[in-house]
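Letter by letter, the chains look like this.
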Amino acid sequence: AQKITQTQPGMFVQEKEAVTLDCTYDTSDPSYGLFWYKQPSSGEMIFLIYQGSYDQQNATEGRYSLNFQKARKSANLVISASQLGDSAMYFCAMPYWDSSYKLIFGSGTRLLVRP
Amino acid sequence: DGGITQSPKYLFRKEGQNVTLSCEQNLNHDAMYWYRQDPGQGLRLIYYSQIVNDFQKGDIAEGYSVSREKKESFPLTVTSAQKNPTAFYLCASSIGTGTSAEEQFFGPGTRLTVL
């Protein structure tokens, strides 16, 4: 069975600095992917970035990048040049097949950006 | 603008009552999902639907029911059988092509409180 682990319940970062949010996973599927979502205090989930296990390069979307290390089964999110608006919950999620694709989510990391 | 709407934003229920949470999407997506989020935790799948008039139970379906009579709509009923319904409920949709890289789009959520 798939499992997603986010070991950092909370993180602080100074504005304009970079921060890494950890995500480790466990799956027996030979092909898989990882999503990262942001959840501001308003509650909606905002898609940030996705990477498939066979992608050759780490995914990048603006200030977000994925540090994907398959041997370590980790898919850490790196946010560069943190902004106050980055303060939110961040969730790592993995799709898995069970008659259709579904997402399994980690428990999340709360990021607080300090001015 | 295309998106997902959920109503109401806040809902209060007395014990023993059934309540229905609305979810509507105008993204022309085939697949729709309901998740439950408890404080400090990730999302857990309640029900999902890949196509109109068809839906399947997720990981925590007990005490919940859904219908999918129209492509745009996927209402969730929280029945009196749900022992601890106080939570944040998120509706999501995706294109429904059945690939692991398929992004799910989320609504703003409904916060249900049992009095």
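Since this is a predicted model, take the numbers as computed values, not measurements.

For the structure shown, the criterion picks out 15 aromatic pairs over all chains. Measuring from centroid to centroid gives 6.0 Å for Phe35 of chain A and Phe47 of chain A, while their planes differ by 70°, and the two rings are edge-to-face. Residue Phe35 of chain A is located in strand S5 (residues 33-39), and its partner Phe47 of chain A is located in strand S6 (residues 46-52); the two are separated by 12 residues in the primary sequence. Note on Phe35 of chain A: relative accessible area 0%, which makes it buried. Between Tyr64 of chain B and Tyr89 of chain B the ring centres are 5.9 Å apart and the planes differ by 65°, which places this aromatic pair in the edge-to-face class. Here Tyr64 of chain B, found in strand S7 (residues 64-66), pairs with Tyr89 of chain B, found in strand S9 (residues 87-94); they are 25 residues apart in sequence, far enough to count as distant. Using a relative accessible area of 0% as the deciding quantity, one classes Tyr89 of chain B as buried. The rings of Phe35, Tyr37, Phe47, Tyr50 and Phe105 of chain A together with Tyr33, Tyr35 and Phe106 of chain B are connected pair by pair, giving a single aromatic cluster. It is Arg63 of chain A that lies over the ring of Tyr64 of chain A; its NZ or CZ is 5.7 Å from the centre. When the ring centre of Phe12 of chain A is taken as reference, the NZ or CZ atom of Arg114 of chain A above it lies at 4.0 Å.

Residues and elements named next belong to chain A. Within strand S10 (residues 88-97), 9 of the 10 residues are buried, which leaves the element mostly enclosed by the surrounding structure. Relative to S10, S5 runs antiparallel, the two sharing 5 bridges. Opposite Trp36, over in S10, you have Cys92 as the bridge partner. Sheet topology places S10 next to strand S12 (residues 109-114); 3 bridges connect them, and they run antiparallel. Looking at the pairing, Met89 lines up with Arg110 of S12. One ladder, built from 5 bridges, connects S10 with strand S11 (residues 101-105); its direction is antiparallel. Bridge assignment links Met94 to a residue of S11, and that residue is Ile104. Between S10 and S11, which pair antiparallel one after the other, the connecting turn spans 3 residues, and Ser99 there sits at a positive phi close to 70°.

All right, on to the sheet that holds S7 of chain B then. One key point about sheets: their strands pair by backbone hydrogen bonds, in either a parallel or an antiparallel sense. Residues and elements named next belong to chain B. Reading across the sheet, the 4 strands line up as S1-S3-S8-S7 and stay open at both edges, with antiparallel pairing between neighbours. Each edge of the sheet is formed by a strand with only one pairing partner; in this case those strands are strand S1 (4-7) and S7. When the angles between neighbouring strand axes are averaged without regard to direction, this sheet yields 20°. In this sheet, strand S8 (residues 76-78) lies alongside S7 in antiparallel orientation, the contact comprising 3 bridges. Bridge assignment links Tyr64 to a residue of S8, and that residue is Val78.

Let's shift gears to the nonpolar core. Ranked by size, the top nonpolar core spans 24 residues in total, and within it Tyr25, Leu34, Trp36, Ile49, Leu77, Ile79 and Tyr90 of chain A carry the most contacts. The leading source of residues in this core is S10 of chain A, at 4 residues. The residues touching Leu34 of chain A, leaving out its near neighbours within four places in the chain, are Ile4, Cys23, Tyr25, Ile49, Tyr50, Gln51, Leu66, Phe68, Ala75, Cys92, Ala93 and Met94 of chain A. Core analysis: the next-biggest nonpolar cluster, separate from the first, contains 20 residues, Ile4, Leu21, Ala61 and Leu76 of chain B among them.

What counts as what
Residues numbered from 1 in each chain as written. Chains lettered and ligands numbered in written order. Predicted model: local features only at pLDDT ≥ 70, side-chain atom pairs only at ≥ 80, totals over all residues. Heavy atoms only, no water. Phe/Tyr/Trp six-rings, centres within 6.5 Å; stacked < 30°, edge-to-face > 60°. Helix = DSSP H or I, 4+ residues; strand = E, 2+ residues; numbered from the N terminus. Buried < 20%, exposed > 50% of the residue type's maximum accessible area, 1.4 Å probe, protein only. Lys NZ or Arg CZ within 6 Å of the ring centre and 35° of its normal. Pairing = 2+ DSSP bridges. Axes fitted to C-alpha atoms, helices over the stretch in contact; angles between N-to-C directions. Core = buried A, V, L, I, M, F, W, Y, C linked by side-chain atoms within 4.5 Å. Contact = heavy atoms within 4.5 Å.

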